[in-house]
Amino acid sequence: MDSGTRSKLNKLQIYLDHLPDSLPFRGSAESDYGFDFFGIQDEDEEDLGLEGAVNRQLEVRLGHRNNGPVKFKERGPGLLPVVTVLENYLNDFPGSVILMKWLDDLICSAQQAFENAKHLLPDVSLTPVLSESSAIGERDDQAVRTTTGKPVQKLDSKILLTYEDSAYMDLPKINDKRGSGMNILPLLLKVSQCCQKKMQEKPTDRVRCIGSKGCAQTWAHPRNRQRILAHASKCIWLPTELREAALEQMADNAIGPAAEITPSASTSRRSLAHSSPMMAKTHHPT
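These remarks concern the structure in this document. Small disclaimer: the values here were computed from a predicted structure and weren't measured.

So, on to the overall build of the protein. Each helix and strand in the protein was counted, giving eight helices and eight strands. In the protein, once contacts between residues fewer than 6 apart in sequence are set aside, the share between residues at least 24 apart is 65%. Surface accessibility of the protein: about 14800 Å² in total, with carbon and sulfur atoms responsible for 52%.

The following block contains the structure:
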């Protein structure tokens, strides 16, 4: 893939990661787009060929472009993987006029969303352009499969330019201690933030993931160590080192046989394998 195409994919990725809050956030289950599970209909591939079938599915999910680039209806994990879909099939069809038109149009759609919200565009120069060795997932060891067996790469970590979340007012960090006088686990202070949701008549203290601008995850206050660590270990909006630290902390606290931490085939995250059935029933103090 040429550097110009990679640069455009990089730009689209950053734009979609930072779409304005004026667009409603929808999780994977509620998304109208569903690009986190992208498949090609067999009959479409037979009638239109693979490239045409991809174009057909993009039209089904995003809408037709008869009157110009589509208008985004939402932001979140259902839309973001469209970048990996385009990257995958542009590797299969380098220079495809149809797919390059989609890439250019989606960049325009994102720019229009920022313009409508009167927001400045994210600075794409803050993130290096993807290269062959650091593309959106390595095709060999980071590929997942669509319903037709075509590999679609998943990003290891999403990119947030800031861990501030405009939906919440962060509260000053405090010396959070439990009844026993034990200090809170330092890692929790790195992956979570005490806050209050804005625009509430009676604000209540909450705890949010520092990547909540992307994952939208919050918890009741005070912090629940196990819930936060479980989320942090797999939140793609956190840096890899924090996810791995959360996994290691969970392994250190496990009851029963020693936990085995093994590299994942799809990302650089680690997974825990426990042989003790007590693990699922055991609660640890926070």
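This part takes up the packing of helix α3 (residues 82-92) against helix α4 (residues 97-116). At a minimum axis distance of 10 Å, the contact between α3 and α4 shows a crossing angle of 155°. The angle between the axes of α3 and α4 places the two elements in the roughly antiparallel class. With respect to the hand of their crossing, α3 and α4 are arranged in left-handed fashion. In contact with Val-82, Leu-86, Tyr-89 and Leu-90 of α3, α4 contributes Leu-99, Met-100, Trp-102, Leu-103 and Leu-106. Considered class by class, the residues forming the contact of α3 with α4 number nine nonpolar, no polar and no charged.

The subject of this paragraph is empty space enclosed by the protein. Counted by the stated rule, this structure contains two cavities of 30 Å³ or more. Here the largest cavity is characterised by a volume of approximately 80 Å³. Lining of the largest cavity is provided by Leu-16, Asp-17, His-18, Leu-19, Asp-21, Phe-25, Arg-75, Gly-76, Leu-80, Lys-213, Gly-214 and Trp-237. Here the residues of the lining of the largest cavity are counted per class, giving five nonpolar, three polar and four charged.

All right, on to the environment of Ser-125 then. The residue Ser-125 is located in the loop between α4 and β1 (143-145) in this model. Taking the C-alpha atoms as reference points, Ser-125 and Lys-11, separated by 114 residues in sequence, lie 9.0 Å from one another.

Here Ser-109 shows up in helix α4. Of the polar contacts made by the side chain of Ser-109, one reaches the backbone oxygen of Val-70; its length is 2.6 Å. With sequence-adjacent residues up to four places away left out, Ser-109 is seen in contact with Pro-69, Val-70 and Phe-72.

What counts, and at which threshold
Residues numbered from 1 in each chain as written. Predicted model: local features only at pLDDT ≥ 70, side-chain atom pairs only at ≥ 80, totals over all residues. Heavy atoms only, no water. Helix = DSSP H or I, 4+ residues; strand = E, 2+ residues; numbered from the N terminus. Contact = heavy atoms within 4.5 Å. Areas by Shrake-Rupley, 256 points an atom, 1.4 Å probe, with all protein chains shown as cover. Axes fitted to C-alpha atoms, helices over the stretch in contact; angles between N-to-C directions. Parallel < 35°, antiparallel > 145°, perpendicular 65-115°, else oblique. Left-handed = near helix turned anticlockwise from the far one by under 90°. Nonpolar A, V, L, I, M, F, W, Y, C, P; charged D, E, K, R; others polar. 1 Å grid on protein atoms, 1.4 Å probe; cavity = no way out; pocket = protein on both sides within 12 Å on 5 of 7 lines; lining within 4 Å. Points joined across faces, edges and corners; volume = space filled by probe spheres on them. Polar contact = N/O pair within 3.5 Å; in protein donor to acceptor, adjacent residues only side chain to side chain.

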